[in-house]
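Letter by letter, the chains look like this.
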Amino acid sequence: MGPHPAVAAIRLAVRRVLHDILNDHHSLAGAGARQAFGPRPDRPAERPPSPLVLVACSGGADSMALASALAFEAPKLGVRAGGVTVDHGLQPGSDLRADEVVLRLRELGLAPVESVAVTVGREGGPEAAARDARYAALDAVAERHGATAVLLGHTRDDQAETVLLGLARGSGIRSLSGMAAVSGAAGRYRRPFLELDRQTARKACMVQSLPVWDDPHNADPAYTRSRLRHEGLPALEKALGKGVVEALARTAQLSRDDADALDAWASQAEAAVRDAAGMLECAKLYALPPAVRRRILRRAAIEAGAPAGSLFARHIEEVDRLITGWRGQGAINLPGKVVARRQGGRLVIRQG
């Protein structure tokens with residue numbers, strides 16, 4: 001008899017991602033070898049060393065299910081598998097809990113495994129600050145061990161919550177596209193569970209007798225995502241019926257496809273709206289569709305030093321008015337001490 005359906009589902013999701021990682025790894029390794037040594041028709045190509053894949057694990061049901069599936073699938077594919085847990089230091093005894101997670105990951109057969117303690121700042125609010133600290137730690141661990149990828153346990157439910165949070169911010173189609181299945185530098189972060197619901201991961205842990213830890217912050221109404229999870233989404237399902245989570249996750253993928261296409265269009269159009277000195281020409285910007293023009297403006301503001309996480313739709317709309325509603329208005333102040341102004345038919349965006 002085969003594994004429980006929940007266990008089979010999580011293993012299949014991880015297996016697919018590992019195949020993608022292996023294909024990418026072999027392609028890059030092969031290209032690097034050809035570039036370094038040139039073609040060698042006199043001998044067969046050497047197989048590149050097996051990649052290391054880490055799982056980011058908090059000890060919760062989603063990430064423990066992910067860790068168990070990675071430990072099961074990786075050896076069959078010749079992939080080295082390790083794990084890392086991040087101690088945010090936000091709760092009493094968090095260091096002891098991190099040690100417990102390390103022990104559980106080692107019992108699954110993962111290696112290397114380590115715990116990393118971080119200091120969470122305040123910029124952007126507690127949730128954003130914790131996320132920034134966590135990803136910085138994961139990046140550092142991945143680079144230190146030479147890991148090809150880091151697996152994250154975000155589920156379809158997490159994706160639905162992210163879409164609703166983006167909708168509340170009103171930041172445009174990119175914020176509605178949720179989390180990408182592949183993200184980070186060189187595709188470092190992979191999310192195998194974006195098409196699986198949270199209950200499947202929890203069920204997989206239960207039938208495998210995997211101990212899990214339920215973070216009290218996930219039920220704390222002080223956190224926006226917690227309120228959305230326990231109040232907002234249930235209210236939507238009560239009013240609209242079941243299937244809201246699936247519909248929101250589907251919206252994320254459709255929005256991502258549209259946003260990617262518009263980003264590509266903006267990248268191609270940007271060169272055509274700059275003069276010989278590289279300055280943005282207002283008349284040429286005006287002729288572009290608003291969605292394309294605003295992407296160019298956003299990219300220019302970020303290149304000038306505006307932090308991407310602090311640059312909202314309202315900022316770009318104000319800059320856009322220098323193009324579409326020019327009445328001689330003054331400069332627009334943007335995050336990061338970046339200033340946008342119109343001068344002689346050109347849009348100047350720079351710090352200071």
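All figures in this text were calculated on a predicted structure; none of them were measured in a lab. (Residues numbered from 1 in each chain as written. Predicted model: local features only at pLDDT ≥ 70, side-chain atom pairs only at ≥ 80, totals over all residues. Heavy atoms only, no water.)

Trainee: What's the story with the overall build of the protein in this structure? I'm lost.
Mentor: Helix and strand content of the protein: 12 helices and 10 strands. Out of the 352 residues in the protein, the part that is buried amounts to 43%. Taking the intrachain contacts of the protein between residues at least 6 apart in sequence as the baseline, contacts between residues at least 24 apart amount to 68%. Taken as a whole, the protein presents about 18,500 Å² of accessible surface, with 54% of it coming from carbon and sulfur. (Helix = DSSP H or I, 4+ residues; strand = E, 2+ residues; numbered from the N terminus. Buried < 20%, exposed > 50% of the residue type's maximum accessible area, 1.4 Å probe, protein only. Contact = heavy atoms within 4.5 Å. Areas by Shrake-Rupley, 256 points an atom, 1.4 Å probe, with all protein chains shown as cover.)

Trainee: What is the right way to look at the packing of helix α5 (residues 156-169) against helix α8 (residues 224-240) in this model?
Mentor: In a pair of packed helices, the angle between the axes and the distance between the axes together describe the arrangement. Contact geometry for α5 and α8: axes closest at 10 Å, N-to-C directions at 95°. As far as their axial angle goes, α8 and α5 are roughly perpendicular. For the pair formed by α5 and α8, the contact residues are Asp158, Glu161, Thr162, Leu164 and Leu165 on the first element and Thr224, Arg225, Leu228, Arg229, Leu233 and Leu236 on the second. In the contact of α5 with α8, the residues fall into five nonpolar, two polar and four charged. (Axes fitted to C-alpha atoms, helices over the stretch in contact; angles between N-to-C directions. Parallel < 35°, antiparallel > 145°, perpendicular 65-115°, else oblique. Nonpolar A, V, L, I, M, F, W, Y, C, P; charged D, E, K, R; others polar.)

Trainee: How should the packing of α5 against helix α9 (residues 244-270) be read in this particular structure?
Mentor: In the contact formed by α5 and α9, the axes pass within 8 Å of each other and the chain directions differ by 70°. When the interaxial angle is binned, α5 and α9 end up roughly perpendicular. Seen along the crossing, α5 lies across α9 with a hand that is left-handed. Only Val245, Glu246, Leu248, Ala249 and Ala252 of α9 make contact with α5, whose side of the interface consists of Arg156, Asp157, Gln159, Ala160, Val163 and Leu164. Tallied by class, residues from the contact of α5 with α9 come to seven nonpolar, one polar and three charged. (Left-handed = near helix turned anticlockwise from the far one by under 90°.)

Trainee: Is there a simple way to think about the sheet that holds strand β3 (residues 113-117) in this case?
Mentor: Either a parallel or an antiparallel arrangement is found when strands of a sheet pair, and the pairing is made through backbone hydrogen bonds. Strands sit in the order β3-β2-β1-β4-β6-β5 across an open sheet of six strands; the sheet is mixed. Of all strands in the sheet, those with a lone pairing partner are β3 and β5 (182-183), marking the two edges. Pairing of strand β1 (residues 52-56) with strand β4 (residues 149-151), which is carried by three bridges, proceeds in the parallel orientation. From the neighbouring strand, Val55 faces β4, where its bridge partner is Leu151. (Pairing = 2+ DSSP bridges.)

Trainee: I would appreciate a short explanation of the packing of aromatic side chains in the present structure.
Mentor: Tallied over the entire structure, the rule returns one aromatic pair. With 5.1 Å between their ring centres and 90° between their planes, Tyr135 and Tyr189 make a pair best called edge-to-face. Here Tyr135, found in helix α4 (residues 126-145), pairs with Tyr189, found in strand β6 (residues 189-190); they are 54 residues apart in sequence, far enough to count as distant. The burial state of Tyr135 is the same as that of Tyr189; both residues are buried. Residue placement shows Arg11 over the ring face of Phe72; its charged tip is 3.5 Å from the ring centre. (Phe/Tyr/Trp six-rings, centres within 6.5 Å; stacked < 30°, edge-to-face > 60°. Lys NZ or Arg CZ within 6 Å of the ring centre and 35° of its normal.)

Limitation: the analysis is restricted to geometry and does not speak to function.
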